[in-house]
Amino acid sequence: MTTTNAKYLGLVAALAVAIIAPFLLTSDYDREILVLICIFAIAGLSLDIIMGHMGQFSFGHAAVFGVGAYTSAILSLRYGVPVWWGILAAIAVTLLAGFILGYVALRRTREFELAIITFALGAIVLSVAQAWHSLTGGMTGLHRVPAPPFDISAGGLELRSEFAFYWLALAVLIITIYAIHRFTNSRIGRAVRSIRENEDLASSIGVSPTYYYVIAFTVATGLGGLAGALYGHHLGFVNAGMLRLNIMVIMLMIVLVGGSGSLGGPVLGSAIYWLVSEQLRALGEEYRFLIFGGILLASIIFLPRGVFPSLASTASWLFEGTADRPSGWSRFVAQRSWLGLFVLKR
Amino acid sequence: MPILELTNLIKDFGGLRALDNVNLSVEKGEIFGLIGPNGSGKTTLLNVITGFLPPTAGDVLYKGQSIAGLKPFQIAKEKLIRTFQITSVFTNLTVEENILHASHLKTNSTIWGSLFTTPGYRREERQLQERVTELLAFTGLEDKRNSSAANLGAGEQRDLEMAVALAADPEMMLLDEPAAGMTAEEQAKLMRLIETVRDRGITVMVIEHNMKVIMGICTRIMCLNFGAKIAEGSAEEIASNEAVISAYLGGKRGA
Amino acid sequence: MDWTVLGQQLWNGLVNGGVYVMLASGLSLVFGVMRVINMAHGELAMLGAMITFSLMRYLDFPFFGAFAVSILAAALIGLVFNRLAVQPFLGTSRLVVLLSSLAVSFILLNGSVSIWSSDPKLIRTPFNQIAQVGGVRIPADQIMLFVLGSVAVYGLYLLLAKIKLGKMMRATAQNAVGAQLVGINTKRVYDFTLIFAAMLAALAGILVAPLISAHPYMGQPLLILGFAVVIVAGVGNLFGALVVGLALGVIEAMYGQYVSTYYRTSFIYAVMVVVLLLRPQGVFGRK
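Going along each chain's sequence as written, the residues are numbered from 1 onward. Labels follow written order: the first chain is A, the first ligand is 1, and so on. Where local features are concerned, this predicted model is filtered to residues with pLDDT of at least 70; where side-chain atom pairs are given and counted, the filter is 80 or more; whole-chain, interface and lining totals use all residues.

Some points on the overall build of chain B
Worth spelling out the cut-off: A helix here means a DSSP run of H or I that spans at least four residues, while a strand means a run of E at least two residues long, and both kinds are numbered starting from the N terminus. With the radius of gyration taken over C-alpha atoms, the globule rule is written as 2.2 Å times the number of residues to the power 0.38. As a rule, residues whose C-beta atom has 12 or fewer other C-beta atoms within 10 Å are exposed, those with 20 or more are buried, and those in between are partly exposed; C-beta atoms are placed from the backbone. The contact criterion used here is simple: two residues whose C-beta atoms, placed from the backbone, lie within 7 Å are in contact.
Helix and strand content of chain B: 10 helices and 10 strands. The C-alpha atoms of chain B give a radius of gyration of 19 Å, which matches the 18 Å a tight globule of 255 residues would have. Counting the 255 residues in chain B, one finds 44% classified as buried. Residue pairs in contact within chain B that sit at least 24 positions apart in sequence constitute 66% of those at least 6 positions apart.

Laid out in structure tokens, this is it:
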């Protein structure tokens with residue numbers, strides 16, 4: 001069996017398992033974890049557009065996530081807007097915010113500028129969310145956010161909302177993965193990558209760094225807003241905790257531990273995060289986050305490309321057995337001195 | 001009408017005048033050489049022409065239109081393509097990917113095309129692949145197609161840089177010291193390459209120190225010193241020009 | 001116009017500003033010499049305060065004893081932090097150090113919460129007197145803050161300007177490779193940079209703790225505020241940082257008093273963003 005066939009088979013099998021997964025699990029609680037894995041995989045993929053594709057860093061992604069959650073929640077809870085429209089509105093709002101911020105902040109694609117600006121803006125958004133009672137519910141947030149209506153009853157089989165929400169999230173995740181895959185191999189995706197690789201060279205062959213970076217950034221924030229909106233409707237409440245640095249670190253963990261610059265990385269990272277988080281449920285919040293911080297640091301130090309690329313290269317080594325593979329040690333060294341964080345793989 | 005024309009071009013950096021009233025015109029189809037000692041302003045001139053630096057005064061006319069003050073990517077869109085003094089390629093991509101990424105100006109598939117892999121998109125992808133093959137053959141990099149650009153030798157990286165510049169479909173190319181550090185064999189190959197490029201209808205301006213290369217291929221040559229033109233003419237005229245000789249051999253060097 | 005209120009806020013603003021200047025010095029030092037942003041700076045300040053608290057509360061240390069030990073502990077922490085999370089990554093993308101220091105800050109924050117729990121702790125200084133100047137309350141420990149802070153910042157200036165180590169730091173800041181070529185041990189320079197930065201941070205944390213009470217989350221706003229000073233003032237200008245720090249402290253206090261108390265820190269963040277966009281080299285910077 002060739003590698004390509006093996007890959008396709010593996011993908012189809014994974015997809016099949018993913019679709020029937022809720023039936024395989026026994027408790028609603030476990031099914032909820034599946035939903036969370038999907039939602040945070042989407043969030044991780046959106047952050048990876050900024051980190052992996054653009055090679056930049058935005059601290060504001062937690063804020064984008066939170067704004068998406070809040071927008072949809074406020075519209076559906078306070079103004080009776082149907083949930084689906086609320087989600088679309090959340091996407092629109094975050095797209096607009098991302099576009100404005102990108103247009104303003106990405107003129108010179110210096111490394112730290114975006115990071116600092118988004119850090120400050122994220123803090124400001126958090127402040128606003130905590131203080132603006134009448135709109136956001138202040139410190140307590142908004143409760144009883146409606147879930148999307150799933151009235152599907154196919155021949156007497158009534159689908160419970162946990163199942164339905166999971167398939168919704170899974171569908172969005174699959175579409176997202178496909179879209180990013182196509183984006184990577186498109187003219188726009190190549191333009192963005194060329195800017196990340198060598199901005200001056202990209203300019204000299206006709207790529208406008210500002211234009212393409214703004215596009216990529218806008219897409220990333222819109223996607224983050226979508227993930228946030230789904231999160232809010234799934235949980236049934238939103239609060240300022242969704243905007244905080246904790247979420248940012250979680251998303252970072254998902255991207256870096258899973259593997260930046262690959263499609264499977266954030267998905268794997270999200271799965272790893274939620275499964276680990278469940279195991280550590282018994283510990284208090286601080287201990288869990290302490291461990292997550294440790295995992296993040298350890299990942300940066302020891303496994304800079306993340307788990308997924310390492311697995312992928314192990315898999316291809318198993319199936320292809322390329323003759324000119326460098327030795328394990330030299331690979332390890334190469335991985336550590338050149339931090340493959342911002343290298344985009346297919 | 002000359003394809004590139006500089007009129008009274010001045011570039012100041014604070015109190016330092018790097019380009020002093022430079023007048024230059026390049027005819028279509030020429031290979032034009034720009035020489036001068038280190039620090040005479042050659043690369044500054046290139047940077048001003050291609051939009052990486054704004055001129056202080058004067059004008060840059062490309063195909064009759066002023067391009068002064070435009071951004072680099074806009075100038076590239078006009079098919080005026082440059083290379084860099086320090087060999088610049090997309091280091092972390094493969095050779096094939098380098099050329100694919102550099103073909104930006106030659107492609108125009110939309111996001112819809114790529115999202116739904118329309119026939120138009122697929123046709124363009126096939127054409128891109130053919131183009132890659134052609135450019136690799138042209139620069140002699142066929143068997144390096146899937147190698148990472150970082151793993152290429154210095155000469156091969158230079159070839160790749162050339163392929164990348166050609167991928168952007170230039171009408172005119174500005175080469176910044178393409179022969180630096182090359183062996184005699186590589187120089188000869190470079191000279192043939194540039195002449196073939198010219199034969200395809202692309203105008204070339206070469207900045208170089210290497211006299212053998214300059215004298216070998218350029219129809220006209222201009223010499224700069226201290227940011228000002230000190231001589232212009234054919235290879236023989238330049239070689240015997242007193243001002244040029246003293247600029248290179250004796251007298252005070254430029255800053 | 002209530003002059004007393006104005007005067008009080010002016011004094012409060014100056015005191016806060018003094019803290020911001022101290023924080024900015026540490027941040028600026030690391031950024032200047034190593035060209036990286038230390039996201040854990042606020043947590044280093046917080047640790048200074050928490051260690052002082054613990055020594056006083058559990059081991060019955062007097063204030064100044066605890067103070068001294070905390071500063072030394074901070075120096076050690078700074079060294080370890082550099083070796084573990086900063087130095088190994090200096091050769092690669094600088095954004096990586098941003099991330100690794102963020103991870104460390106997260107570890108320190110949550111570690112502190114689990115050790116000390118998140119309720120605020122009171123630190124009593126030996127100075128209880130409160131001076132009254134025309135109706136404005138000026139507590140003695142705030143004066144001490146000023147004095148100690150000024151000594152520290154001036155000490156930093158002296159170090160950089162006159163002492164050999166400081167000159168080595170400046171050389172490395174200008175050109176790390178060049179510095180190595182002339183025989184400067186840049187690794188040692190980096191060690192000391194982070195040691196001094198940690199000590200400055202801890203100092204700021206200890207001095208501000210009696211004012212706002214110490215708790216594990218206190219580091220986060222301190223980081224951003226220190227940042228704000230560095231950005232607005234521009235890197236590499238100690239005097240500029242001094243002016244801007246005090247000014248921002250006063251502006252924040254005035255905004256909080258006369259406009260809105262909820263958003264006073266947000267206002268400073270907004271000022272920082274605006275400066276970053278319009279004049280990225282800062283008010284006093286050169287580019």
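Text resumes after the structure shown.
With respect to the overall build of chain C
When you go through chain C residue by residue, the secondary structure sums to 11 helices and two strands. Put simply, chain C runs from its N terminus to its C terminus through helices and strands in the order α-α-α-α-β-β-α-α-α-α-α-α-α. For 287 residues, the compact-globule estimate of 2.2 N^0.38 gives 19 Å, and chain C sits close to it at 19 Å. Along the first, second and third principal axes, the C-alpha set of chain C runs to 60 × 50 × 35 Å. Looking at chain C residue by residue over its 287 residues, the buried ones come to 51%.

Topic: the interface of chain A and chain B
Let me state the cut-off plainly: Amino acid classes used here: Ala, Val, Leu, Ile, Met, Phe, Trp, Tyr, Cys and Pro are nonpolar; Asp, Glu, Lys and Arg are charged; the rest, including Gly, are polar.
Counting residues at the interface gives 21 residues for chain A, matched by 25 residues for chain B. Elements that contribute at least two residues to the side of chain A that touches chain B include exactly α7 (161-184), α8 (187-197) and α9 (199-204) of chain A. Here the element with the most residues in the side of chain A that touches chain B is α8 of chain A; it accounts for seven residues. Residues of the side of chain A that touches chain B, tallied by class, amount to seven nonpolar, eight polar and six charged.

Focus: the arrangement of the chains
A comparison of contact numbers over the two pairs of chains in contact places chains A and C at the top. There is no contact between chain B and chain C; across them, the least C-alpha separation is 13 Å.

Structural notes on the nonpolar core
Our working rule: A set of buried Ala, Val, Leu, Ile, Met, Phe, Trp, Tyr and Cys residues, joined to one another through C-beta atoms within 7 Å, is what we call a nonpolar core.
Counting 278 residues, the largest nonpolar core has I39 and A120 of chain A together with L23, A228 and V229 of chain C as its most contacted members. In contact with A120 of chain A, other than residues within four places in its own chain, are I224, Y269, M272 and V273 of chain C.

Comments concerning helix α7 (residues 184-199) of chain B
Residue and element names in this part refer to chain B. The cut-off we apply is this: In a helix, the anticipated span is given by 1.5 Å times the number of residues less one. For this quantity, the arc is that covered by the directions from the helix axis to the C-beta atoms.
Taking 1.5 Å as the rise per residue, α7 with 16 residues should run 22 Å; its terminal C-alpha atoms sit 23 Å apart, in good agreement. Burial in α7 covers these residues: L190, M191, L193, I194 and V197. Mapping the buried residues of α7 onto a view down its axis gives an arc of 160°, with all of them on the same face. Set apart from the buried face of α7 by more than 90 degrees, the exposed residues are A184, E185, R192, T196 and D199. Among the structural elements, β3 (31-35), α5 (119-139), α6 (154-167), β7 (172-176), β8 (203-207) and α8 (211-217) are those in contact with the buried residues of α7. The positive-phi residue at the C-terminal boundary of α7 is G201, with phi of around 100°.

Side note on the sheet that holds strand β5 (residues 65-66) of chain B
All names here are of chain B. Where we set the bar: Note on pairing: two strands pair once DSSP finds at least 2 bridges between them.
Ordered in space as β2-β1-β4-β5, the four strands form an open sheet in which the pairing is antiparallel. Two strands close off the open sheet at either side, each with one partner strand: β2 (16-26) and β5. Pairing geometry for strand β4 (residues 57-62) and β5, over two bridges, is antiparallel. In the sheet register, Y62 faces β5, and the bridge partner there is Q65.

Some words on the interface of chain C and chain A
With 33 residues of chain C at the contact, the number on the chain A side is 32 residues. Counting only elements with at least two residues in the side of chain C that touches chain A, the list comes to α4 (94-116), α9 (219-233) and α11 (264-278) of chain C. It is α4 of chain C that provides the largest number of residues to the side of chain C that touches chain A, a total of 14 residues.

Things to note about α6 of chain B
All names here are of chain B. Here α6 is 14 residues long and its end C-alpha atoms lie 20 Å apart, about the 20 Å a rise of 1.5 Å per residue gives. Taking burial as the measure, the 14 residues of α6 include 11 buried ones, the bulk of the element. Three or more residues of α6 are buried, namely Q157, R158, D159, L160, E161, M162, A163, V164, A165, L166 and A167. Where α6 terminates, the next one or two residues include D169, which has phi positive at roughly 60°.

Quick look at the pairing of β2 of chain B
All names here are of chain B. In terms of strand pairing, strand β1 (residues 4-13) meets β2 through seven bridges, oriented antiparallel. From the neighbouring strand, L9 faces β2, where its bridge partner is V22. Hairpin connection, β1 to β2: the antiparallel pair is bridged by two residues, and G14 has positive phi, about 60°.

Here we look at the packing of helix α3 (residues 63-86) of chain C against α4 of chain C
All names here are of chain C. Applied cut-off: For every element, the axis is a line fit to its C-alpha atoms; helices are fit only across the contacting stretch, and the angle between N-to-C directions ranges from 0 to 180 degrees. Oblique is the label for any angle not covered by the other classes, which are roughly parallel (under 35 degrees), roughly antiparallel (over 145) and roughly perpendicular (65 to 115). Handedness of a crossing follows from how the near helix is turned relative to the far one, being left-handed for an anticlockwise turn of less than a right angle and right-handed for a clockwise one.
At their nearest, the axes of α3 and α4 sit 10 Å apart, and the two run at 130° to each other. For the element pair α3 / α4, the angle class is oblique. Once α3 is placed against α4, the crossing between them reads as right-handed. Of the residues in α4, those touching α3 at F81, A85 and V86 are V97, S100, S101 and V104.

What to know about the environment of P210 of chain C
Residues and elements named next belong to chain C. In this fold, P210 is placed in helix α8 (residues 186-212). Overall, the presence of 21 C-beta atoms within 10 Å leaves P210 in the buried class. When residues no more than four places from it in sequence are discounted, the contact partners of P210 are I123, T125 and D141.

Things to note about the environment of L268 of chain A
All names here are of chain A. Mapped onto the elements of the fold, L268 is located in helix α12 (residues 264-279). The class for L268 is buried, based on 24 C-beta atoms found within 10 Å. As for L268 and L95, which are separated by 173 residues in sequence, their C-alpha atoms are 26 Å apart. With near-sequence residues (within four places) excluded, L268 lies in contact with G258, G259, V307 and F308.

Description of unusual backbone geometry
Residues and elements named next belong to chain B. Phi at N21 is positive, roughly 55°, even though this residue is not glycine. Mapped onto the fold, N21 is located in strand β2. Even without a glycine there, the phi angle at K79 is positive, about 75°. As for its position among the elements, K79 is in the loop between α2 (72-77) and β6 (80-82).

Quick notes on the pairing of β4 of chain B
All names here are of chain B. Taken together, the five bridges between β1 and β4 define a ladder with antiparallel strand orientation. Within β4, the position partnered with L4 by the bridge is Y62. Counted along the chain from β4 to the antiparallel partner β5, the turn is two residues long, and its residue K63 has a positive phi close to 50°.

Details of the confidence of the model for chain C
Residues and elements named next belong to chain C. As a reminder of what qualifies: pLDDT measures how confident the predictor is about each residue, on a scale from 0 to 100.
Of all residues in chain C, 98% attain a pLDDT of 70 or more, and the chain-wide mean is 85. When pLDDT is averaged over each element of chain C, helix α2 (residues 41-58) comes out on top at 91 and strand β1 (residues 130-133) at the bottom at 77. Among the prediction metrics, the complex's ipTM stands at 0.88, with pTM recorded as 0.87.

Observations concerning the packing of helix α13 (residues 285-302) of chain A against α4 of chain C
Interhelical geometry of α13 of chain A versus α4 of chain C gives an angle of 155° and a closest axis separation of 8 Å. As judged from the angle between their axes, α13 of chain A and α4 of chain C are roughly antiparallel. Of the two possible hands of crossing, α13 of chain A and α4 of chain C adopt the one that is left-handed. Of the residues in α4 of chain C, those in contact with E286, Y287, F289, L290, G293, G294, L296, L297 and I300 of chain A of α13 of chain A are V96, L99, S100, A103, V104, F106, I107, N110, G111, V113 and S114 of chain C. Grouping the amino acids of the contact of α13 of chain A with α4 of chain C by side-chain chemistry returns 13 nonpolar, six polar and one charged.

Focus on the sheet that holds β7 of chain B
Residue and element names in this part refer to chain B. Here six strands make up an open sheet; going across it, the order is β6-β7-β8-β3-β9-β10 and the pairing mixed. Both outer strands of the open sheet, β6 and β10 (228-233), are each paired with one neighbouring strand and no more. Looking at each pair of strands side by side, their axes are set apart by 15° on average, direction ignored. As judged from the four bridges shared by β3 and β8, these two strands associate in the parallel manner.

Notes on the confidence of the model for chain B
The predicted coordinates of low-pLDDT regions are not to be read in fine detail. For chain B, mean pLDDT is 88; residues scoring 70 or higher make up 98% of the total. Mean pLDDT across the elements of chain B ranges from a minimum in helix α4 (residues 111-115) of chain B, with 79, to a maximum in β7 of chain B, with 94.

Considerations on the environment of V133 of chain C
Residue and element names in this part refer to chain C. Following the sequence through the fold, V133 ends up in strand β1. The exposed category is assigned to V133, around which 10 C-beta atoms lie within 10 Å. Considering only alpha carbons, one finds V133 and L223, 90 residues apart in sequence, at a separation of 32 Å.

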